[in-house]
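Per-entry structural report
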Amino acid sequence: MYNAFAGKETQGGQGSTRIHMDVADAVNIMLWASPMPDGTPGCAVWDLFKAEDADKIRDFLSNKFKDKKKVFNDPIHSQMFYLDAPLRKELFEQKGVKSFRVYQYPGQAVFIPAGCAHQVCNLSDCIKIALDFVSPRK
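About the cut-offs
Residues numbered from 1 in each chain as written. Predicted model: local features only at pLDDT ≥ 70, side-chain atom pairs only at ≥ 80, totals over all residues. Heavy atoms only, no water. Phe/Tyr/Trp six-rings, centres within 6.5 Å; stacked < 30°, edge-to-face > 60°. Helix = DSSP H or I, 4+ residues; strand = E, 2+ residues; numbered from the N terminus. Buried < 20%, exposed > 50% of the residue type's maximum accessible area, 1.4 Å probe, protein only. Arc of directions from axis to C-beta. Contact = heavy atoms within 4.5 Å. Polar contact = N/O pair within 3.5 Å; in protein donor to acceptor, adjacent residues only side chain to side chain. Pairing = 2+ DSSP bridges. Axes fitted to C-alpha atoms, helices over the stretch in contact; angles between N-to-C directions.

Looking at the packing of aromatic side chains
The tally for this structure, following the rule as stated, stands at two aromatic pairs. Consider the rings of phenylalanine 65 and phenylalanine 81, whose centres lie 4.4 Å apart with planes at 20 degrees: the pair is stacked. Of this pair, phenylalanine 65 sits in the loop between helix 1 (54–64) and helix 2 (85–95) while phenylalanine 81 sits in the loop between helix 1 and helix 2, and the two are 16 residues apart along the sequence. Phenylalanine 81 matches phenylalanine 65 in its accessibility class, with the two residues each being buried.

The following block contains the structure:
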């Protein structure tokens with residue numbers, strides 16, 4: 001279960017969950033979210049990346065944050081970075097990597113395949129549950 005305050009995805013924001021990768025498949029279900037300040041439904045925004053783009057993301061992060069390289073062995077597994085809009089644009093321009101952007105609202109589930117880097121920014125306070133599982137693959 002995750003209880004989270006709203007995060008910021010604006011430039012320099014750290015989101016709610018920084019970019020990382022799980023070794024198992026996962027499902028994340030949003031149970032509740034507070035309304036946005038303008039009265040619209042609260043939500044979370046996810047950036048999901050293809051598994052085959054992981055090495056390009058690692059290379060981008062390693063080069064972009066050379067000053068922090070001594071702190072991490074793997075820039076994805078370290079969970080140190082959130083790719084805000086300017087960084088996502090730079091990643092696309094340099095490496096051709098683009099995220100699949102998903103907006104999650106209460107009652108909706110997001111499935112994350114094993115090995116896919118992803119990050120989350122809860123745009124409002126929310127309550128979620130998550131479950132890891134192993135699915136058969138060919």
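On we go.
Observations concerning helix 2
Looking at helix 2, one finds that the buried residues are Leu87, Arg88 and Leu91. Buried residues along helix 2 cover an arc of 100 degrees about the axis, so they all sit on one side. Away from the buried face of helix 2 by more than 90 degrees, exposed residues Lys89 and Glu93 are located. Its buried side turned inward, helix 2 meets strand 4 (44–48), helix 1, strand 5 (100–104) and strand 7 (118–122). Sitting at the head of helix 2, aspartate 84 places a side-chain oxygen 3.0 Å from the backbone nitrogen of leucine 87. Glycine 96 lies just past helix 2 and shows a positive phi near 75 degrees.

Concerning the environment of phenylalanine 100
You can see phenylalanine 100 is positioned in strand 5. Along the primary structure phenylalanine 100 and phenylalanine 49 are separated by 51 residues, whereas in three dimensions their C-alpha atoms are 6.3 Å apart. Contact partners of phenylalanine 100, with chain neighbours within four places excluded, come to Trp46, Asp47, Leu48 and Lys50.

What about the sheet that holds strand 8 (residues 126–133)?
The four strands are arranged 1-8-3-6 in an open sheet whose pairing can be described as antiparallel. Unpaired on one side and paired on the other, strand 1 (2–4) and strand 6 (109–112) mark the two borders of the sheet. Strand-to-strand twist across the sheet, computed as the mean angle between neighbouring axes with direction ignored, equals 25 degrees. Where strand 1 meets strand 8, three bridges bridge the pair, whose relative direction is antiparallel. Paired with asparagine 3 across the bridge in strand 8 is isoleucine 127.

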